[in-house]
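Structural overview for review
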Amino acid sequence: MTSRLGTLTTLYVTQYLGIGFITVGLTAILRDGGTSLDTLALLQVVGLVWPIKFLWAPILDRYGSRRHGHYRSWLVVLQSALVLALLALLPFSRPAAQLGPVIALCTAYVLFSATQDIAVDAVAVRLLSDSARGLGNGIQVAASYLGNLLGGGACVLVYDRFGWAPAIGLLAALTATGLVVAWRFREPPRTDRIAGVGTAYRALLSVFGQPGCRQWTFGVVPLVYVGAGMAYALVTPALVDAGWSLGRIGVVTGVVTSAPAIVAGLLAGAGIARYGRGGVLVAGGVGLALSTVLLLPLMRGHAPLAGTVAALCCFLAAYTVANVVLYTVNMDYSRAGTGGTDFTVLSSFGLVCSFVASAVGLAAAERFGYPAVAVTSVLLVAAGVVLGLAHQRRYRRPHPPRADRSDERSASGDVAVPA
């Protein structure tokens, strides 16, 4: 099990390295080169590839090499593409003056990264036992912060000291470790291959036919994500309104808060095995409520450095805990034969909720003020936790089989969620 978790950790971290660089590091480099905020906003739009990756997820579930490993064959190709996309950025040492090709390469990278995520998630669905899923998803969420920290923080420091080529070279070298891991990975033989691509695409809807899946996906998930997302969307504009510099905001929200979030993700993953999904969801919900209360001074325009940083660290850590639970239950609903499609479509809905939450939160704050939106966010999260607990108590199932027994499951087998 340790080797499986190590493989997943490396693959998850390396897929986020470039994402962190694009969304945080490259944004800072371009702004320093005089790029307008409108153009930087366009760079952020490439991230929309992630919520729509469910459109091609069934292809990865259907097609794959029997000889070299169904998902491993995808991972080797996609991890190689990630490295090549980064190396292709090397000639553009003045990215602010060469935005067209830079944005095109960034878009290609995000596409490869999103597709690689489908394959890694499918491997996780097949390899992780019920008791290990919490830790596996804790690693996944923590890996996103670690990847962002390295890609958006460390690589920018290298750029500032040594220049563009060393920074991109470091990014490509770190990403290449995932290629080594994918190459050495020995995937268990798959005997539950989907009969046709049409069957794989039908999984996009059939996943919701499992007991309690609709209640979870369209009830618990939007309440928690919209509630937490509304509050977090207020942070940056509130910090600006309170007089913080853009540099301080970037360091605090992009780097400082990542460390406690990484720890929280790992602790939440380990806690699920001991306290259950419902217990950890309550912990995350209570943490979100308390940390949102701690953010109320910021929402009123008072943002002392120490208190605000502490509140933000607590908020992001609590959000991470809740996120680990949501991902874990999504994995519970992911069937062995269509794991890539199932997990992707369920997680993509959560991403859509997050995008909606940001827009709704900012629009509501314009009309009703920051504090009113913050209080509303607490109520929404509380409702999501209550509904989530009811869901976990109602829907139970036996422990799912591991990948080495996945051939005993059909792609259309129903799975209920464990308490």
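Before any of the text, the structure's been laid out above.
First, a word on scope: everything that follows refers to the structure included in this document.

Remarks on the environment of Ala 357
Assignment of secondary structure puts Ala 357 in helix α15 (residues 339-368). Separated by 349 residues in the primary sequence, Ala 357 and Leu 8 place their C-alpha atoms 29 Å from one another. With sequence-adjacent residues up to four places away left out, Ala 357 is seen in contact with Tyr 225, Val 226, Gly 229 and Met 230.

Here's the deal with the side chain of Thr 328
Along the chain, the position of Thr 328 falls in helix α14 (residues 305-332). Residue classification places Thr 328 among the buried residues on the basis of a relative accessible area of 0%. When near neighbours in sequence (up to four residues on either side) are disregarded, Thr 328 contacts Arg 133, Gly 134, Asn 137, Ile 272 and Arg 277.

Some points on a nonpolar patch on the surface
Taken together, the side chains of Leu 42, Val 45, Leu 48 and Phe 355 present a nonpolar region at the surface, about 360 Å² in accessible area. Its location among the elements puts Leu 42 in helix α2 (residues 37-45). With relative accessibility at 48%, the residue Leu 42 sits in the partly exposed group.

Here's the deal with helix α7 (residues 164-184)
Taking 1.5 Å per residue, 21 residues should reach 30 Å; α7 reaches 31 Å between its end C-alpha atoms and fits that length. Those residues of α7 lying buried are Trp 164, Ala 167, Ile 168, Leu 171, Ala 172, Thr 175, Gly 178 and Ala 182. Projected onto a plane normal to the axis of α7, the buried residues spread over an arc of 120° and lie on a single side. Opposite its buried face, α7 presents the exposed residues Trp 183 and Arg 184, each directed more than 90 degrees away.

Things to note about the packing of helix α4 (residues 70-87) against α7
In the contact formed by α4 and α7, the axes pass within 9 Å of each other and the chain directions differ by 170°. As far as their axial angle goes, α7 and α4 are roughly antiparallel. Contacts between α4 and α7 involve Arg 72, Leu 75, Val 76, Gln 79, Ser 80, Leu 82, Val 83, Leu 86 and Leu 87 on the former and, on the latter, Ile 168, Leu 171, Ala 172, Thr 175, Ala 176, Gly 178, Leu 179, Ala 182 and Trp 183. A class-by-class count of the residues in the contact of α4 with α7 yields 13 nonpolar, four polar and one charged.

Reading guide: rules and limits
- Residues numbered from 1 in each chain as written.
- Predicted model: local features only at pLDDT ≥ 70, side-chain atom pairs only at ≥ 80, totals over all residues.
- Heavy atoms only, no water.
- Helix = DSSP H or I, 4+ residues; strand = E, 2+ residues; numbered from the N terminus.
- Contact = heavy atoms within 4.5 Å.
- Buried < 20%, exposed > 50% of the residue type's maximum accessible area, 1.4 Å probe, protein only.
- Patch = residues over 30% accessible without salt bridge, like charges linked within 9 Å, V, L, I, M, F, W, Y side chains within 5 Å.
- Areas by Shrake-Rupley, 256 points an atom, 1.4 Å probe, with all protein chains shown as cover.
- Salt bridge = Lys/Arg side-chain N within 4 Å of Asp/Glu carboxyl O.
- Expected span 1.5 Å × (residues − 1).
- Arc of directions from axis to C-beta.
- Axes fitted to C-alpha atoms, helices over the stretch in contact; angles between N-to-C directions.
- Parallel < 35°, antiparallel > 145°, perpendicular 65-115°, else oblique.
- Nonpolar A, V, L, I, M, F, W, Y, C, P; charged D, E, K, R; others polar.

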